[in-house]
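# Observations on the three-dimensional arrangement
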Amino acid sequence: MAYPESTDSTSALPRHIAIVMDGNGRWAQQRALPRTAGHRQGAKAVRRVVQACSERGIEALTLFAFSSENWRRPQWEVDVLMKLFAATLRSEIDRLDKANVRLRFIGDQRAFSTALQNYIVKAEQRTVGNTGLALVIAANYGGRWDVVQAAQRAAADVAAGRLQPADLTLESFQRYLCLADLPEPDLFIRTGGEQRISNFLLWQLAYTELYFTERLWPDYDAADLAEACAAFASRQRRFGQTGEQVAGAAHA
Ligand code: FPP
C-alpha cells in the first residue's frame, strides 16, 4: 500500500491543515453575549487564519464550518449561521480571489437555500483557476457521510461496468472521497478544549497529527497557528514504521 500522499516524516511545514473551529458559543457566554456574537467573531478568526496560512505557504486549509449534526441546534442559531455563511462569502470573495485562494465546499449542499447554493457555486467557479491556498469549507459535512457517498459512487461505477469489484482498493476507493485531489491533512487542530474528531474527515485523518488547544475559536490568531505548526514540526511521523527507521531515512 502506498503511504498517504502528504508531507514526509521530516517536513517541518504541514501541507494541509484541518481545523475544527470550536468555542464560539462559550466565547460569547463569557461576555454575556448571544451565541451568535461568537459565530460572528469566529468569522473574523477565519479571515485571520486564512491569511496566516496563505502567508506561511500552506497548500490547503480545511475548516469544519457546519457538521451534519449541527442541524440539531436551535432553529434560530442555524438560521443565523446560514445567513453568516452567505454574508461572509459575499463580503470575502473579492479579497480571497485577489489573494489567489481557491475556494471549495465539501458536504451535502442540497439542504442549503437556493441562494446559498448559488453563492457557493459562483465562488467556486470564480476562484477555480487560482493557484494559492486551497481553502475548503466543510458545510453539512460528516466523515461517515463522505465514506457512504464514496461507496455509492463506486457501487454505481461497478453497476455500470466501469469498475470491477476486485479493482476497488484503498487507492482507488479514496478517489471517490471528498478531497481526493489534495494531500491528506498533516495537522488537525481543534480549538475550544474538547479532544474529539466529531465525525470530521474520518478517512483522511488516518495518519494526521492531532493538536488540541484550549483557545476558543473567536480568539484564534496567527500566533496560535504558529504555535500549532511548531508543535507539528517537533513531532516524528512514522506512518507505521519504527522511530529508528524514520530517523535513518531522514539522515540518509
Ligand atoms: C462551533 O462552536 C462552531 C460552529 C458550529 C460554527 C462555525 C462557524 C464559524 C466559525 C463562523 C464562520 C465560518 C465561516 C466559514 C464563514 P460552538 O458554537 O459549538 O461553541 P461552543 O462549544 O462554545 O458552544
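The structure this text deals with has already been given above.
## Focus: the overall build of the protein
Of the regular secondary structure elements, the protein holds eight helices and six strands. Order of helices (α) and strands (β) in the protein, N terminus to C terminus: β-α-α-β-α-β-α-β-α-α-β-β-α-α. Rg of the C-alpha trace for the protein: 19 Å, near the compact-globule value of 18 Å for 252 residues, within the 12% margin. The C-alpha extent of the protein, read off along each of the three principal axes, is 55 × 50 × 35 Å. Within the protein, the fraction of its 252 residues that count as buried is 47%.

## Side note on the site of the ligand
For the ligand, the set of nearby residues contains 20 residues, the closest of which are D22, G25, R26, R35 and R73. N24 has a polar backbone atom sitting 3.1 Å from an oxygen atom of the ligand. Within the side chain of R35, an N or O atom sits 2.8 Å from an oxygen atom of the ligand. Contact with the protein chains covers 90% of the free accessible surface of the ligand, which is 630 Å². At the level of elements, α1 (24-30), α2 (35-56) and α3 (75-98) are the ones that each hand at least two residues to the shell around the ligand. Top element by residues in the shell around the ligand is α2. It accounts for five residues.

## Some remarks on the pattern of salt bridges
Summed over all chains, the structure comprises 15 salt bridges. D94 serves as the salt-bridge partner of R126, at 2.8 Å between the closest nitrogen and oxygen. A residue pair is termed long-range when its members are at least 10 positions apart, and R126 in helix α4 (residues 114-127) and D94 in helix α3 qualify at 32 residues. One salt-bridge network, in which partners are shared between bridges, spans D22, R26 and R190.

## Points about the pairing of strand β5 (residues 187-190)
Burial along β5 is two-sided: the face carrying L187 and I189 and the face carrying F188 and R190 are both buried. Pairing analysis gives four bridges linking strand β1 (residues 16-20) to β5, with the strands arranged parallel. Following the sheet pairing, A18 is matched in β5 by F188. The pairing of β5 with strand β6 (residues 209-212) spans four bridges and is parallel.

## Points about the packing of aromatic side chains
Scanning the entire structure with this criterion turns up eleven aromatic pairs. Judged by centre distance (5.3 Å) and plane angle (20 degrees), the ring pair of W217 and Y220 falls under stacked. With a relative accessible area of 1%, W217 lands in the buried category. Put simply, the rings of F64, Y141, W145, F188, F200 and F212 pair up and form one aromatic cluster.

## Here we look at the environment of E171
Inspection of the secondary structure puts E171 in helix α6 (residues 170-174). In the structure, E171 is positioned 115 residues away from R56 in sequence and 30 Å away in space, judged by C-alpha atoms.

## Considerations on the packing of α2 against α3
Running from amino to carboxyl end, α2 crosses α3 at an angle of 25 degrees, the nearest separation of the two axes being 10 Å. Taken together, the axis directions place α2 and α3 in an arrangement best described as roughly parallel. Along this stretch, α2 crosses α3, giving a crossing that reads as right-handed. Taking contact as the criterion, the partners of R35, T36, H39, R40, A43, R47 and V50 in α2 are, on α3, W76, E77, V80, L81, L84, T88, E92, R95 and L96. Considered class by class, the residues forming the contact of α2 with α3 number seven nonpolar, three polar and six charged.

Reading the values: rules and limits
Residues numbered from 1 in each chain as written. Predicted model: local features only at pLDDT ≥ 70, side-chain atom pairs only at ≥ 80, totals over all residues. Heavy atoms only, no water. Helix = DSSP H or I, 4+ residues; strand = E, 2+ residues; numbered from the N terminus. Rg over C-alpha atoms; globule rule 2.2 N^0.38 Å. Buried < 20%, exposed > 50% of the residue type's maximum accessible area, 1.4 Å probe, protein only. Near = heavy atom within 4 Å. Polar contact = N/O pair within 3.5 Å; in protein donor to acceptor, adjacent residues only side chain to side chain. Areas by Shrake-Rupley, 256 points an atom, 1.4 Å probe, with all protein chains shown as cover. Salt bridge = Lys/Arg side-chain N within 4 Å of Asp/Glu carboxyl O. Pairing = 2+ DSSP bridges. Phe/Tyr/Trp six-rings, centres within 6.5 Å; stacked < 30°, edge-to-face > 60°. Axes fitted to C-alpha atoms, helices over the stretch in contact; angles between N-to-C directions. Parallel < 35°, antiparallel > 145°, perpendicular 65-115°, else oblique. Left-handed = near helix turned anticlockwise from the far one by under 90°. Contact = heavy atoms within 4.5 Å. Nonpolar A, V, L, I, M, F, W, Y, C, P; charged D, E, K, R; others polar.

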